Amino acid sequence: NMASPALLMRVVASAYSVAEKAATIVRNVMAAGDLGIVEKTGANDLQTKADRLVQMSICASLARKFPKVTIIGEEELPSGEVTEDLIEDGHCEEILKKTCPAEYTGIKEEELVIWVDPLDGTKEYTEGLLDHVTVLIGIAYGGKAIAGVINQPYYNYEAGAGAVLGRTIWGVLGMGAFGFQLTEAPAGKHIIVTTRSHSNAVVNDCISALNPDSVIRVGGAGNKIIQLIEGKASAYVFASPGCKKWDTCAPEAILHAVGGKITDIHGNGFQYNKDVKHMNSAGVLAALRNYDYYASRIPNTVKQSLVP
């Protein structure tokens, strides 16, 4: 008889279904019309009913199946019973059929940390920029992002009535990433994707130093990594604190699974063990290809202003 699938594959397979449930919640909240917006630290730091319900759904669903895994979500929520309608018990059969990379077959539940951003791009969600929105579930082991799920609840939403909305991208280091068509940015072009709502002089100076052919300003870290893996941008540059571990864990795993690279502005990798501080205080630099080209052009003045 076949050995039962490795824990990592079971977690990823469940996270896939949990992310699809999350997308349904996101779409339902928007369709119902009452977003229940709360300002957390200010007008650029919002929380909606969707953020709250999705986080409860993801965390409770995964905790029920994998009780010893550490799960860290963006939103601070009161602890309490989660209603059964928020629980997703399913998993993606396709993922369970794949072979777990050998180096991850012995992982135990208590060694995994799951970083959850229930709705990445909340500000854009409230403004109706729905294609910017993602649900992020990142899986870390030994402090490294090793697997991730990114759901885009509104993928295809401009295709008109009858189009199937949403898609789920997933990946595991050593296995690859699935659910999208890997595409490289146009050769010889420097297209920078960066923040939409958190710009300042340092952010802009850093971009100018890269002599970009064009700059794309969009919301959401998940969305920016998708721009890289689908060839719409050649580098993601954000020379500012603000990004958190739950923003980068899932995207990092997917980008690394297809041979890309993401670090802070100094070139340091991100750590995802459960005791790490949540803020990526030295910014973000990422590329699918030619990472070194962009890293070598970050001005020292920018590096000095961002302390890891």
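The rules behind these values
Residues numbered from 1 in each chain as written. Predicted model: local features only at pLDDT ≥ 70, side-chain atom pairs only at ≥ 80, totals over all residues. Heavy atoms only, no water. Buried < 20%, exposed > 50% of the residue type's maximum accessible area, 1.4 Å probe, protein only. Helix = DSSP H or I, 4+ residues; strand = E, 2+ residues; numbered from the N terminus. Pairing = 2+ DSSP bridges. Domains from an automatic or database assignment. Contact = heavy atoms within 4.5 Å. Buried area = accessible area lost by both parts, 1.4 Å probe. Salt bridge = Lys/Arg side-chain N within 4 Å of Asp/Glu carboxyl O. UniProt positions renumbered as here; feature names shortened; annotations may be inferred. Phe/Tyr/Trp six-rings, centres within 6.5 Å; stacked < 30°, edge-to-face > 60°.

(A) Inspection of the pairing of strand S4 (residues 112–120) at higher detail. Most of S4 sits inside the fold, with nine of its nine residues counted as buried. In this sheet, S4 lies alongside strand S3 (residues 70–73) in parallel orientation, the contact comprising four bridges. Residue pairing across strands places Thr-70 opposite Val-113, the latter belonging to S4. As paired elements, S4 and strand S5 (residues 134–141) share seven bridges and run antiparallel to each other. Bridged to Val-116 within S5 is Ile-137.

(B) Local environment of the domain arrangement of the chain. Domains assigned within the chain are domain 1 (7–178) and domain 2 (191–305). Each of domain 1 and domain 2 has a C-alpha centre, and the two are 21 Å apart. Contacts between the two partners involve 40 residues from domain 1 and, on the opposite side, 30 residues from domain 2. Summing both partners gives a buried area of about 2600 Å² for domain 1 against domain 2, and 64% of it is carried by carbon and sulfur. Considering only the side of domain 1, the residues that lose the most area to domain 2 are Trp-115, His-132 and Ala-145, jointly responsible for 23% of the buried surface there. Our enumeration of links across domain 1 and domain 2 arrives at three salt bridges.

(C) Focus on unusual backbone geometry. In the Ramachandran plot, Asn-211 falls in the positive-phi region, its phi being about 45° despite a non-glycine side chain. Secondary-structure assignment places Asn-211 in the loop between helix H5 (201–209) and strand S10 (214–217). Asn-211 gets classed as exposed once you look at its relative accessible area, which sits at 59%. Phi is positive for Asn-290, close to 60°, though the residue is something other than glycine. Relative to the assigned elements, Asn-290 resides in the loop between strand S13 (284–287) and helix H8 (291–295). Judged by relative accessible area, which is 57%, Asn-290 ranks as exposed.

(D) Spotlight on the UniProt feature "binding site: Mg(2+)" (unreviewed entry) in the chain. The UniProt record marks Glu-74, Asp-117, Leu-119, Asp-120 and Asp-247 with the feature "binding site: Mg(2+)" (unreviewed entry), using the residue numbering of this structure. Maximum C-alpha separation among the annotated residues is 9.6 Å over a sequence range of 174 residues, consistent with a single clustered spot. Inspection of the secondary structure assignment puts Glu-74 in the loop between S3 and helix H3 (93–97). Excluding its chain neighbours within four sequence positions, the residues that come into contact with Glu-74 are Lys-40, Gln-55, Val-116, Asp-117, Pro-118 and Trp-246. Following the sequence through the fold, Asp-120 ends up in strand S4. Apart from residues lying up to four places away in sequence, Asp-120 is in contact with His-132, Val-133, Thr-134, Leu-136, Gly-220, Ala-221, Gly-222, Asn-223 and Asp-247.

(E) Representation of the packing of aromatic side chains. In the structure shown here, the tally under the stated rule is six aromatic pairs. Consider the rings of Tyr-104 and Tyr-141, whose centres lie 6.2 Å apart with planes at 85°: the pair is edge-to-face. Placement of the pair is Tyr-104 in the loop between H3 and S4 and Tyr-141 in strand S5, with a sequence separation of 37 residues. Taking the relative accessible area as the measure of exposure, Tyr-104 reaches 10% and is therefore buried.

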